[in-house]
Amino acid sequence: MMKVYQYVPGWTVACISPYVSKLANYLRMVGHPFELVPQDLSRLQEDAPRGKLPYIIDDDGGKVADSNEIIAYHKAKYGDKLDAGLTREEKAVSLAWMRLIDEHLYWSGVIQPRWRMDSGWETYVPIICGGATEIPAEVREALDAFRVHIRDEFVHQGMGLKTDEEVLETFKTDVDAMEDFLHHKSFFMGPNPTSIDAAVFSILTHTIESPFAWPGRDYIRGKRSFVDYVARMRERFDLDFGTAPGAEAA
């Protein structure tokens, strides 16, 4: 069985990483059996290509990294069950949305509330630690040091140079664009689900259903089309990963 290496689960998502969650969603959508395997973080640099998650060990023992590259690999090896019917133009549009979600909305909607905001960080630490109520001092010290590293990446990416208010407005702009594009469609690209839905569902469950109280969560929760879309995706596919430490009802 394919093994997907992850961090830890959280609230209703497969993993606290939206990229791991996206891959898990995709594999569920195409019906490929897989096992989510917690990564030994002390060996992350040795085990994971590029030192990041997700990566997979395929049924035949092959190792592939990066959620988008794994999905492309899966399509090439097992067939493209979701996107074969898209036109070249639709595939280009889908790729553009994937880039917005992965490389822009990720920073404003995931890094900002979890890693930059102090209140979000205090909520996040127990989730990272598997729901532990007491965090050993040495673990807390290591996590706080890693937080500094992530916040530095936030600045180097450019989003972290903005004020909290400016990041929120950036988040709202992206969310509004997604809402306008989804409009009254059943799925993101039209009446049929495609691979971009794995990413859209991931970012929505990582924001709408997250336990991080911040104005962005309140804003996106007010989008009825998104709430209905999440319910529709869960009904169509087996995307219920259960309730994990840190869960909060949306």
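Before any of the text, the structure's been laid out above.
Fair warning: this is a prediction, and the values are worked out from it, not measured in the lab.

Definitions and cut-offs
- Residues numbered from 1 in each chain as written.
- Predicted model: local features only at pLDDT ≥ 70, side-chain atom pairs only at ≥ 80, totals over all residues.
- Heavy atoms only, no water.
- Buried < 20%, exposed > 50% of the residue type's maximum accessible area, 1.4 Å probe, protein only.
- Helix = DSSP H or I, 4+ residues; strand = E, 2+ residues; numbered from the N terminus.
- Pairing = 2+ DSSP bridges.
- Right-handed = clockwise from strand over helix to strand, strands pointing away.
- Expected span 1.5 Å × (residues − 1).
- Arc of directions from axis to C-beta.
- Contact = heavy atoms within 4.5 Å.
- Salt bridge = Lys/Arg side-chain N within 4 Å of Asp/Glu carboxyl O.
- Core = buried A, V, L, I, M, F, W, Y, C linked by side-chain atoms within 4.5 Å.
- Polar contact = N/O pair within 3.5 Å; in protein donor to acceptor, adjacent residues only side chain to side chain.

1. Remarks on the pairing of strand β1 (residues 2-6)
Stage number 1. β1 sits mainly inside the fold: four of its five residues count as buried.
Stage number 2. Examined bridge by bridge, β1 and strand β2 (residues 34-38) share five bridges and lie parallel to one another. Bridge pairing in β2 places Y5 opposite V37.
Stage number 3. Between β1 and its parallel partner β2, the chain crosses via helix α1 (residues 18-30), and the hand of that crossover is right-handed.
Stage number 4. Inspection of the sheet shows β1 paired to strand β3 (residues 55-57) by two bridges, in the antiparallel sense. Across the sheet, residue V4 finds its bridge partner in β3, namely I56.

2. Concerning helix α6 (residues 137-157)
Stage number 1. For α6, with 21 residues, the first-to-last C-alpha span of 30 Å sits near the 30 Å given by 1.5 Å per residue.
Stage number 2. Every buried residue belonging to α6 is among L143, R147, I150 and F154, and all of these are buried. Buried residues of α6, viewed axially, fall in a sector of 70°; they line one side. Turned more than 90 degrees from where α6 packs its buried face, A137, E138, E141, A145 and H156 sit exposed.
Stage number 3. Of the surrounding elements, those touching the buried residues of α6 are α4 (88-116), α5 (118-128) and α7 (164-182).
Stage number 4. Of the residues one or two after α6, G158 is the one with positive phi, at around 115°.

3. A look at the pattern of salt bridges
A side chain of one charge can pair with a side chain of the opposite charge if their charged atoms are brought near each other.
Stage number 1. What the rule picks out here adds up to 17 salt bridges.
Stage number 2. Between K77 and D60 there is a salt bridge; the shortest N-O distance is 2.7 Å. Here K77 is found in helix α3 (residues 67-78), whereas its partner D60 is found in the loop between β3 and β4 (63-65), with 17 residues between them in sequence.
Stage number 3. One salt-bridge network, in which partners are shared between bridges, spans D58, D60 and K77.

4. As for the nonpolar core
Nonpolar side chains in soluble globular proteins tend to be buried together.
Stage number 1. M178, I196 and L204 are the most contacted members of the largest nonpolar core, which totals 74 residues.
Stage number 2. Counting residues per element, this core draws most heavily on α4, at nine residues.
Stage number 3. If we skip the residues at most four places from it in the chain, I196 touches S94, W97, M98, I101, F188 and M189.

5. Focus: the side chain of R147
Stage number 1. Relative to the helices and strands, R147 resides in helix α6.
Stage number 2. Side chain to side chain, R147 and D118 meet in a polar contact 2.8 Å long.
Stage number 3. Ignoring sequence-local partners within four residues, the contact set of R147 consists of W115, R116, M117, D118 and W121.

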